[in-house]
Amino acid sequence: MSDARLQQFQQMVAEFPDSPMSHFSLGKLYLERREYAEAVKSLEAATRLDPTYAAALVSLGDAHAGAGQVAPAREALLRARQVALDQKHPSLAEEIDERLADLG
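Per an unreviewed UniProt entry, the protein goes by Tetratricopeptide repeat-containing protein and derives from Stigmatella aurantiaca.

(A) Expanded view of the nonpolar core. Grouped together as the largest cluster of nonpolar side chains are 18 residues, with contacts concentrated most on F24, L26, A39, L43 and A63. Elements with a contribution of two residues or more to this core: α1 (3-15), α2 (20-32), α3 (36-49) and α4 (54-66). Other than its neighbours up to four places away in sequence, L26 contacts L6, F9, Q10, V13 and S42.

(B) The arrangement of the environment of L77 in detail. Mapped onto the fold, L77 is located in helix α5 (residues 70-86). Classification of L77 by relative accessible area gives buried; the value is 1%. On a C-alpha basis, the gap between L77 and L60 in space is 7.9 Å, while along the polypeptide they are 17 residues apart. Each residue touching L77, except ones within four places of it in the same chain, is listed here: V58, G61, I96, R99, L100 and L103.

Cut-offs and rules
- Residues numbered from 1 in each chain as written.
- Predicted model: local features only at pLDDT ≥ 70, side-chain atom pairs only at ≥ 80, totals over all residues.
- Heavy atoms only, no water.
- Core = buried A, V, L, I, M, F, W, Y, C linked by side-chain atoms within 4.5 Å.
- Buried < 20%, exposed > 50% of the residue type's maximum accessible area, 1.4 Å probe, protein only.
- Helix = DSSP H or I, 4+ residues; strand = E, 2+ residues; numbered from the N terminus.
- Contact = heavy atoms within 4.5 Å.

Here it is as C-alpha cells:
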C-alpha cells in the first residue's frame, strides 16, 4: 500500500470531517495495511457519523478482530447484522454470521 494513497485518504478526512465515507475509506486502507488500532479509530468515526453504515460496522468488527479484541468485534458485528436485517439485506446478515462464528 502506497503512502500516497494513505495521504490521499487522510486529506479527504481533513477536508470532509463530517463525511462517514471519508472515514470509512481511510479505515479500510488501515485495515488492508493491518494497522488495526488506526483502522478502529477511523471506522468508529464513520459509524458515529452514520450508525446505520453496515459496511463500516462490518469493517469495524474486522479491525477489532484483527487487533485481538473479540468482545468489541462481536459487538460491532452484531450491530452490523441488525442494520443489515433492518435494511433488508439477508445475504449480508449471513456473511456477518460467518464472521461471528469465526470469532468463536
